[in-house]
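Chain by chain, the residues:
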Amino acid sequence: MLVKLAEVGEIAPGGMKLVEAGGEEIVLCNCGGKYFALARRCGHMNSPLEMGSLDGTILTCPMHHVQFNVTTGEALNYPIPGYIDEPLPDKWAKHMSYLVMLMQHITVCDIRTLPVTIQGTSIHVAIG
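For every chain, the first residue of the written sequence is number 1, and numbering continues from 1 along that sequence. Reporting of local features is limited, given that this is a predicted model, to residues whose pLDDT is at least 70; pairs of side-chain atoms are given and counted only at 80 or more, and all residues count toward the totals for whole chains, interfaces and linings. For side-chain calculations, the full set of non-hydrogen atoms in the structure is used, while hydrogens and water are omitted.

A. Seen up close, the sheet that holds strand S10 (residues 122–126). Paired strands, as defined in this entry, are two strands with at least two bridges between them according to DSSP. Strands here mean DSSP runs of E at least two residues long; helices mean DSSP runs of H or I at least four residues long; both are numbered from the N terminus. A sheet is described by the order of its strands in space; here three strands give the open sequence S1-S10-S9, paired in antiparallel fashion. The two strands at the open ends of the sheet, each matched to only one other strand, are strand S1 (2–7) and strand S9 (116–119). When the angles between neighbouring strand axes are averaged without regard to direction, this sheet yields 35°. Bridge count between S9 and S10: four bridges; the pairing is antiparallel. Its bridge partner lying in S10, Thr117 is registered against His124. Convention adopted: a line fitted to C-alpha atoms gives each axis, helices being fitted over their contacting stretch, and angles between N-to-C directions are expressed from 0 to 180 degrees.

Next up, the structure:
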């Protein structure tokens, strides 16, 4: 089923838009005038990808900096723990060390992409 998501020009180059269509949450990316659509949730810990950053065709998750190629959905790296440049209280430092250890055992999955079609000035995606 072909579903309209947006109009051409509605998303700035390098921008993203969250849309819901056919019961799915989809991130629509404008990569220099070429549009790509992918599942909203990160393949690492389910973070909302539209809150990340888009550089060319590389979308970086806002939570642990896993990067995805929006043309294929391929995960390009493993999580990168956040950097804290000041000492944490001992209890928090132990907790953060534990979280970093856990993150090393969480799989990073590729994310699903959806085919995008431009019809006139409308951006459509095939769902289902």
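B. The sheet that holds strand S4 (residues 34–39), seen in detail. Overall, antiparallel pairing links the four strands, which are arranged S2-S3-S4-S8 in an open sheet. At either end of the open sheet lies a strand with only one pairing partner, and these are strand S2 (16–21) and strand S8 (113–114). With six bridges joining them, strand S3 (residues 24–31) and S4 adopt antiparallel strand pairing. Opposite Ile26, over in S4, you have Ala39 as the bridge partner.

C. Looking closely at the nonpolar core. We call a set of buried Ala, Val, Leu, Ile, Met, Phe, Trp, Tyr and Cys residues a nonpolar core when their side-chain atoms join them within 4.5 Å. Accessible area is worked out with a 1.4 Å probe on protein chains only. A residue is then buried under 20% of its type maximum, exposed over 50%, and partly exposed in between. Cys29, Leu38, Leu49, Leu59, Phe68 and Val70 are the most contacted members of the largest nonpolar core, which has 16 residues in total. Those elements that provide at least two residues to this core are S3 and S4. At three residues, S3 tops the list of elements feeding residues into this core. The contact criterion used is simple: two residues touch if any of their non-hydrogen atoms lie within 4.5 Å. Non-local contacts of Cys29, meaning those with residues more than four positions away in its chain, are made with Gly15, Met16, Lys34, Tyr35, Phe36, Leu38, Leu54, Leu59 and Val70. One finds Val3, Ala21, Leu114 and Val125 within the second-largest nonpolar core, a separate group that totals 14 residues.

D. Expanded view of the side chain of Ser47. The topology assignment puts Ser47 in the loop between S4 and strand S5 (53–55). Not counting residues up to four positions away in its chain, the partners in contact with Ser47 are Arg40, Arg41, Cys42, Cys61, Pro62 and Met63.

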